[in-house]
Amino acid sequence: MKRMLINATQREEIRVALVDGQKLYDLDIETPGKEQKKANIYKAVVTRIEPSLDAAFVNYGSERHGFLPMKEISREYFGDDVTFTGQRINIKDAIKEGQELIIQVEKEERGSKGAALTTFISLPGRHLVLMPNNPRAGGVSRRIEGDSRSEAREILSTLDIPDGMGVILRTAGIGKSSEELQWDLDYLLQLWESVQRAAAAGPAPYLIYQESNIIIRAVRDYLRADINEIVIDDPDMYARTKEFMRQVMPRQADLVKYYDETIPLFSRYQIESQIETAFMREVRLPSGGAIVIDHTEALVSIDVNSSRSTKGSDIEETALMTNLEAAEEIARQLRLRDMGGLLVVDFIDMTPARNRKDVENKLRDVLKEDRARVQVGRISKFGLLEMSRQRLRGSLGESSLTLCPRCSGQGSIRGVESLSLAILRILREEAMKENTSQLVAQVPVTVATYLLNEKRNDLDKVESEHSVKLILVPNPELETPHYTIERLRRDSEIGKNQRSYELVTSHEDKERQHMLAQISDNEKEIPAIRDFT
């Protein structure tokens, strides 16, 4: 029995889990104040045009400006002097700096990259997606296959779609009557009219329309015919969801149930430990094998290890059985963590080509349940399989994890002796520079201990050869591999009355500024359109 479980008892984190019996197969977590910006609609202003990138940078209210490619700019924003002759149009001729646009966030900000934007707005409903300024984008969802596609096109042809607009039928719209679909379309048309009115209300930049909260979004996107219950453990969220269901899906409103037992909701269905696997680097498989997930700048690597697996009768069967288990778990972890972009899976080597084909087919079968578009390659002669997955939202790691301040996400740090020798070499190099009088090195206590004892002769040699004073300051707030070296010229020497221990700098101010910056970034945006029903 499939259920949608919504845990909202902790205001700091709202969790939506989809379970089949007691097996978790999808997860969405949202932190208030860190709501996703994807699908939000803004009134924005063009700040810079870059012909070399064939794109413009746009201020939509975020600290980092968004990226708007030429191909994502609707013709309605082109100047009157632009003629369409079939030749490529220069972006500087199409739009101007200072021009105001209605844009939608297509991809969230990631790392140092700004958000990817588009002027082709899409408004998702329960059964339809309205493309109000993109008439060529209409059609049927890619997930609808076979005879259902022709039936879907017939139903779409009966709808009253305004000129210049496009409509996509979602999988949830299959089997619905034309009256239900027209009602959904009319709702989206009213929403678009509200967006246009709000966009004319003032100067850019500001938020016009915010994508629905996590619960409404989950009901809209995940509720399918095979979901038997929607169980919510918070009375306020229960009332809001029930009201939404009565307005939008009255026939399914009875699916919403309130959970008020003493045992926590997720513990009742035994999925807390399954959720924790989504935060682990290594995930164990039932047979004793494991998959190890590592994130890099370019891709996500997934390594399959047989570990203690002894399921098969021989080495080939053990490799096949472990790889089949891994394929199923990889597909599940992709959904739970919502990992996107390029992924490379290193399966256990298999000699028979038939076994490699079985693993490829298994992976494709289990990926059919994924809402995201996934492209899967074939297992190469090196045992590697490449695949790419559409980013539906920010990954679980991006929203819930913070970068380790000590290793900066590398996962390992330099040893004390290696770091000490590196600092000694840098001190020698700095001492050779002209007009150097003093070098002040603030280092971790362990590094200072090693340098002042094991490498005291080397320090004395640097001082005598270059007539430079070395000051080593053991800083208890520093941990390897962090250190600072300050080079002082003869006209800026430290005074004789100043003690070396007084040179210790505190990092509390920097941490406080970082926290304040995070608070500023997470300030809640107020949309111009609120409580639209």
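Residues numbered from 1 in each chain as written. Predicted model: local features only at pLDDT ≥ 70, side-chain atom pairs only at ≥ 80, totals over all residues. Heavy atoms only, no water.

Let us now look at the nonpolar core. One finds L128, L130 and I208 to be the most contacted residues of the largest nonpolar core, which totals 50 residues. Of the residues forming this core, the biggest block, nine residues, is contributed by helix α3 (residues 178-199). Once residues lying within four places of it in the same chain are set aside, the contact partners of L128 are L123, L156, L159, V167, I168, L169, R170, L181, D184, L185 and L188. Judged by nonpolar contacts, the second largest core, of 27 residues, contains V283, L285, M339 and I348. (Core = buried A, V, L, I, M, F, W, Y, C linked by side-chain atoms within 4.5 Å. Buried < 20%, exposed > 50% of the residue type's maximum accessible area, 1.4 Å probe, protein only. Helix = DSSP H or I, 4+ residues; strand = E, 2+ residues; numbered from the N terminus. Contact = heavy atoms within 4.5 Å.)

Looking now at the sheet that holds strand β11 (residues 139-140). The sheet built from four strands is open, its strands ordered β9-β10-β12-β11 with mixed pairing. Both outer strands of the open sheet, β9 (123-124) and β11, are each paired with one neighbouring strand and no more. (Pairing = 2+ DSSP bridges.)

Glancing now at the domain arrangement of the chain. We note that the domain assignment places domain 1 (2-35 + 211-271), domain 2 (40-208), domain 3 (280-400) and domain 4 (416-516) within the chain. The gap between the C-alpha centroids of domain 1 and domain 2 is 29 Å. If you look at the interface, domain 1 gives eleven residues, while domain 2 gives eight residues. Buried area between domain 1 and domain 2, both sides added, is near 800 Å², and the carbon and sulfur share of it is 40%. Sorting the residues of domain 1 by area buried against domain 2 places E211, R220 and V248 first, and these three jointly supply 48% of that buried surface. At the boundary of domain 1 with domain 2, the tally comes to one residue pair in polar contact (both at pLDDT 80 or more). Top element by residues in the side of domain 1 that touches domain 2 is helix α4 (residues 214-222). It accounts for three residues. A per-class count over the side of domain 1 that touches domain 2 returns four nonpolar, two polar and five charged. (Domains from an automatic or database assignment. Buried area = accessible area lost by both parts, 1.4 Å probe. Polar contact = N/O pair within 3.5 Å; in protein donor to acceptor, adjacent residues only side chain to side chain. Nonpolar A, V, L, I, M, F, W, Y, C, P; charged D, E, K, R; others polar.)

What follows is about the sheet that holds strand β3 (residues 23-30). By way of backbone hydrogen bonds, the strands of a sheet pair with one another, either parallel or antiparallel. Strands sit in the order β3-β2-β1-β14-β15 across an open sheet of five strands; the sheet is mixed. The open sheet has two edge strands with one neighbour each: β3 and β15 (256-258). Averaged over all adjacent pairs, the angle separating strand axes in this sheet is 20 degrees, with direction ignored. Pairing analysis gives six bridges linking strand β1 (residues 2-7) to strand β2 (residues 14-20), with the strands arranged antiparallel. Residue pairing in the sheet places I6 in a bridge with V16 of β2. Helix-sheet contacts for α4 involve β1, β2, β3 and β14 (227-232), and the interaxial angle to β3 is about 140 degrees. Set on the sheet, helix α5 (residues 235-248) makes contact with β2, β14 and β15; between it and β15 the angle comes to about 160 degrees. (Axes fitted to C-alpha atoms, helices over the stretch in contact; angles between N-to-C directions.)

A word on the confidence of the model for the chain. Overall, the prediction assigns the chain a mean pLDDT of 86, with 93% of residues at 70 or greater. The low-confidence segment residues 511-521 (pLDDT under 50) makes one contact with residues lying over four places distant or belonging to another chain. (pLDDT = per-residue confidence, 0-100.)

What follows concerns the side chain of E325. Mapped onto the elements, E325 comes out in helix α8 (residues 315-337). Polar side-chain contacts of E325 include one of 2.7 Å to the side chain of S287.

In contact at an axis separation of 10 Å, α4 and α5 are set at 40 degrees when each is read in the N-to-C sense. If you check the angle between α4 and α5, you find them oblique. Crossing angle aside, the handedness with which α4 passes α5 is right-handed. Across the interface between the two elements, I215, I216 and V219 from α4 touch M237, T241, F244 and M245 from α5. Partitioned by chemical class, the residues of the contact of α4 with α5 number six nonpolar, one polar and no charged. (Parallel < 35°, antiparallel > 145°, perpendicular 65-115°, else oblique. Left-handed = near helix turned anticlockwise from the far one by under 90°.)

Given a rise of 1.5 Å per residue, 22 residues ought to cover 32 Å, and the 31 Å separating the end C-alpha atoms of α3 matches this to within 8%. Within the span of α3, buried status applies to L181, Q182, D184, L185, L188, L189, L191, W192, S194, V195, A198 and A199. (Expected span 1.5 Å × (residues − 1).)

Moving on to the pairing of strand β22 (residues 436-443). In terms of residue burial, β22 counts as a mostly covered element, since eight of its eight residues are buried. Alignment of β22 against strand β24 (residues 484-489), held across six bridges, turns out to be antiparallel. What sits directly across from V440, in β24, is E486. With six bridges connecting them, β22 and strand β23 (residues 469-474) associate as parallel partners. Within β23, the residue paired with V440 across the bridge is I471.

Here we take up α4. Taken across its nine residues, α4 has nine buried, putting it largely inside the fold. Along α4, the residues that are buried comprise I214, I215, I216, R217, A218, V219, R220, D221 and Y222. The inward-facing, buried residues of α4 abut β1, β2, β3, β9, β14 and α5.

So, on to the pattern of salt bridges. Enumeration over the complete set of coordinates arrives at 21 salt bridges. For E272, the salt bridge identified is with R15, shortest N-O distance 2.8 Å. Of this pair, E272 sits in helix α7 (residues 272-276) while R15 is found in strand β2, placing the two residues 257 residues apart along the sequence. Take E272: its relative accessible area is 27%, and that puts it in the partly exposed class. With a closest N to O distance of 3.7 Å, E360 and R378 form a salt bridge. Taken together, the residues E360 in helix α9 (residues 353-367) and R378 in the loop between β20 (374-376) and β21 (384-389) connect sequence positions 18 residues apart. Taking the relative accessible area as the measure of exposure, E360 reaches 3% and is therefore buried. On the basis of relative accessible area, R378 is assigned to the exposed category, the value being 58%. Sharing partners across several salt bridges, the network here consists of R3, E229 and K257. (Salt bridge = Lys/Arg side-chain N within 4 Å of Asp/Glu carboxyl O.)

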